Amino acid sequence: MRASHLEDYYSFLRFPSVSTDAQYAGKVTACAEWLVKKLSDIGLETKLVPTPGHPVIWAKNKHQPGRRTVMIYGHYDVQPPDPLDLWDSPPFEPILKDGYVFARGATDNKGQILSHILGVQEALEQHGDLPVNLHFVIEGEEEIGSGNLGDFLSENKEALRCDVAVVSDTGMVKRGVPTLSYGLRGVTALEVKVTGAKIDLHSGVFGGSVANPITALVRLLATLHDDKGHVAIEGFYDKVKPLEDWERKAWRELPLNGDEEILKETGAPALFGEEGYNTLERLWGRPTAEINGIGGGYQGVGTKTVIASHAMAKLTFRLVPDQQGDEILNLATRHLEKHLPPGVTMEITRGHSGPWYLTDPHSPVGQAAQRALREAFGKDPALIREGGSIPIVSQFRTILGVETLLLGLALPDCRAHSPNENFPLENMDAGIRLNKAVLAELAKR
Ligand code: BES
Ligand code: ZN
């Protein structure tokens, strides 16, 4: 890979573009401005489009009538780097070790979207033009649910008219095996706060006389699942489409040992999940209820004899076809209200949500994607669904009327969202080849 490509990559990674935390807002904008410069420098007409949140970057080549139009989407925002002390090197000071670059965003999504930018750069240098009309749409709010991107799409619907969307923000089943993802889970979030007394109390003076909100909260959270790993919210599975036999069979034949990989990568002592399904089915085809955070009471050193006034938990639900985010939040709210132990009050706040996505990997554009993956990696692609979510993808369909090709470059051990996130330079190279191949394949009529 060219030295200048690596420099670009490092510059991009040095911005702590953490979208969720207002304290980083200036850095998010600086990162957006860097992208505008990079995309302009390679010859694209580029705009920074402000939103009520973080800006969207929109770049295009000179469009010509009669050509296919492709939109490449990615995000320049990243997850918080916490917990910082678990990183072997600082998260925003990229370093190269054994062919892998370590930094927050190395894979998710800076490495992957940059490979498309560099692919376009090389093609423009070589041929002065691309085989298609291209839009780059690169946003700064994917990791917080893409709340403002839908409006951007609606407002620019005509100007963004395209035939297909291409996204590299998903995984590969393993190193060297190209992967076309034809489904994503959706996600929807809520926060629950349980309150007892109006102030923290002495647990000797008051203990036994009033309800403890932490006890109430953990009892409440314990009602979310049964012993067999099923979600116990009434109606939760009502809209879930059963997995089809062909799909279960195809997943069993994939070139990966999901169980072993997951045990190794997570370090968990055993696998656990919904009874009646294997690991890939649980991950790709079944919904979940997760407790992502919990807090309340004294967490300092030593002991404090206190009854906290409140306790809170953050929950998310991963959704599959044909579940609907709002409906799931309604059912969850009803469940929490019904099971709330006595003596406390509860407040529920709804968070962001993004729908699931399912497309046909054998459609004409799906086949073009498969050919491009074969060309870039020299191997037949695996066809999979994903457990993760990319909230805007379903709106590419509902607002722009296009299907999305999910051509992921993330390795199973990339540590996205975790300490020591990394991306191999071989995948940057593969991504550059993939970009050229997919634009060439999609240009064919
Ligand atoms: N790149 C991921 C999505 C992803 C991860 C897809 C793994 C497939 C496999 C994306 O950046 C992400 O993390 N999305 C969030 C969305 C949420 C914050 C609304 C997710 O899935 O948690
Ligand atoms: Zn992410």
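Residues numbered from 1 in each chain as written. Chains lettered and ligands numbered in written order. Predicted model: local features only at pLDDT ≥ 70, side-chain atom pairs only at ≥ 80, totals over all residues. Heavy atoms only, no water.

Undergrad: Explain the site of ligand 1 residue by residue, including any values.
TA: Around ligand 1, 15 residues are found, and the nearest of them are Glu142, Asp169, Arg318, Ser389 and His417. Between ligand 1 and His417, the relevant distance is 2.8 Å, taken from an oxygen atom to a side-chain nitrogen or oxygen of the residue. Taken by itself ligand 1 offers 520 Å² of open surface, and the protein chains cover 84% of this. Here the residues of the shell around ligand 1 sort into two nonpolar, seven polar and six charged. (Near = heavy atom within 4 Å. Polar contact = N/O pair within 3.5 Å; in protein donor to acceptor, adjacent residues only side chain to side chain. Areas by Shrake-Rupley, 256 points an atom, 1.4 Å probe, with all protein chains shown as cover. Nonpolar A, V, L, I, M, F, W, Y, C, P; charged D, E, K, R; others polar.)

Undergrad: Which residues make up the pairing of strand β6 (residues 133-139), and what values go with them?
TA: Within β6, seven of the seven residues are buried, leaving the element largely enclosed by the surrounding structure. Pairing analysis gives four bridges linking strand β2 (residues 56-60) to β6, with the strands arranged antiparallel. Across the sheet, residue Ala59 finds its bridge partner in β6, namely Phe136. Of the strand pairs in this sheet, strand β3 (residues 69-75) and β6 are connected by seven bridges, and their pairing is parallel. (Buried < 20%, exposed > 50% of the residue type's maximum accessible area, 1.4 Å probe, protein only. Helix = DSSP H or I, 4+ residues; strand = E, 2+ residues; numbered from the N terminus. Pairing = 2+ DSSP bridges.)

Undergrad: Quick one: what's the story with helix α9 (residues 325-339), residue by residue and with numbers?
TA: Owing to its 3.6 residues per turn, the α-helix brings residues three or four apart onto one side. Here α9 contains 15 residues, and its C-alpha end-to-end distance of 21 Å stays within 8% of the 21 Å for a straight helix at 1.5 Å per residue. Where α9 is concerned, the buried positions are Gly325, Ile328, Leu329, Leu331, Ala332, Thr333, His335 and Leu336. Buried residues in α9 make contact with β9 (186-195), α5 (213-222), β13 (310-319) and β14 (345-354). (Expected span 1.5 Å × (residues − 1). Contact = heavy atoms within 4.5 Å.)

Undergrad: Lay out the sheet that holds strand β5 (residues 100-102) in plain terms, naming residues and giving numbers.
TA: Here three strands make up an open sheet; going across it, the order is β4-β5-β18 and the pairing antiparallel. Lying at the two open borders of the sheet, with one neighbouring strand each, are β4 (95-97) and β18 (422-424). The sheet shows a mean angle of 30° between the axes of neighbouring strands, taken without regard to direction. As defined by bridge partners, β4 adjoins β5 across three bridges and the pair is classed as antiparallel. Its bridge partner lying in β5, Lys97 is registered against Tyr100. Here helix α1 (residues 3-14) sits on the sheet and contacts β4, β5 and β18; the angle it forms with β5, its principal contact strand, is near 25°. Helix α12 (residues 425-443) contacts β4, β5 and β18 of the sheet and is inclined by roughly 60° relative to β18. (Axes fitted to C-alpha atoms, helices over the stretch in contact; angles between N-to-C directions.)

Undergrad: Please set out the packing of aromatic side chains residue by residue, giving values where relevant.
TA: In this structure the tally under the stated criterion is eight aromatic pairs. Taking 5.1 Å as the distance between ring centres and 20° as the angle between the ring planes, the aromatic pair formed by Phe12 and Trp34 counts as stacked. Highlighted residues: Phe12 in helix α1 and Trp34 in helix α2 (residues 25-41), separated in sequence by 22 residues. Exposure remark for Trp34: the relative accessible area of 17% places this residue in the buried category. (Phe/Tyr/Trp six-rings, centres within 6.5 Å; stacked < 30°, edge-to-face > 60°.)

Undergrad: How would you summarise the coordination of the zinc ion (ligand 2) if you had to cite specific residues and measurements?
TA: Where a metal carries four tetrahedral donors, each ideal angle is 109.5 degrees; where it carries six octahedral donors, the ideal angles are 90 or 180 degrees. Donor atoms from the polypeptide that coordinate the zinc ion (ligand 2) comprise Asp108 (OD), Glu143 (OE), Glu143 (OE) and His417 (NE2), at 2.0 to 2.6 Å from the metal. Geometry at the zinc ion (ligand 2) is irregular, judged from the six donor atoms that bind it and their angles of 54 to 157° at the metal. When its relative accessible area of 11% is taken as the criterion, Asp108 is described as buried. (Donors = N, O, S within 2.8 Å, 3.2 Å for Na, K, Ca; no water. Tetrahedral: all angles 85-135°; square planar, octahedral: opposite > 155°, others 65-115°.)

Undergrad: How would you explain empty space enclosed by the protein if you had to name every residue and give the values?
TA: The full count for this structure, using the stated rule, is three cavities of 30 Å³ or more. When its volume is computed, the largest cavity comes out at roughly 50 Å³. Lining of the largest cavity is provided by Leu180, Ser181, Tyr182, Thr359, Asp360, Pro361, Ser363, Val365, Gly366, Glu403, Thr404 and Leu405. Secondary-structure elements contributing two or more residues to the lining of the largest cavity are β8 (179-184), α10 (364-377) and β17 (404-407). By residue number, the principal contributor to the lining of the largest cavity is β8, which donates three residues. Taken together, the residues that form the lining of the largest cavity break down as five nonpolar, five polar and two charged. (1 Å grid on protein atoms, 1.4 Å probe; cavity = no way out; pocket = protein on both sides within 12 Å on 5 of 7 lines; lining within 4 Å. Points joined across faces, edges and corners; volume = space filled by probe spheres on them.)

Undergrad: Residue-level account of the side chain of Thr188, with values.
TA: Structurally, Thr188 is set in strand β9. Overall, the relative accessible area of 0% leaves Thr188 in the buried class. Excluding residues within four positions of it along the chain, Thr188 makes contact with Leu315, Thr316, Phe317, Leu319, Gly325, Ile328, Leu329, His352 and Ser353.

Undergrad: Any details on the environment of Thr345? Residues and values, ideally.
TA: With respect to the element layout, Thr345 can be found in strand β14. When residues no more than four places from it in sequence are discounted, the contact partners of Thr345 are Lys193, Val194, Thr195 and Leu340.

Undergrad: Break down the environment of Gly171 for me, with residues and values.
TA: Position of Gly171 relative to the elements: it lies in the loop between β7 (164-167) and β8. Looking at Gly171, the relative accessible area reads 14%, which means it is buried. Discounting chain neighbours no more than four positions away, the residues touching Gly171 are Thr179, Ser181, Glu386, Gly408 and Ala410.

Undergrad: Explain the nonpolar core residue by residue, including any values.
TA: Counting residues in hydrophobic clusters, the biggest one holds 70 residues, and the most contacted among them are Tyr9 and Phe136. If you tally residues by element for this core, the top one is α12, at nine residues. Beyond its immediate stretch of four places on either side in the chain, Tyr9 contacts Val101, Ala106, Lys110, Gly111, Leu114, Phe423, Leu425 and Met428. Leu220, Val231, Phe236 and Leu329 belong to the second largest nonpolar core, which has 24 residues in total. (Core = buried A, V, L, I, M, F, W, Y, C linked by side-chain atoms within 4.5 Å.)

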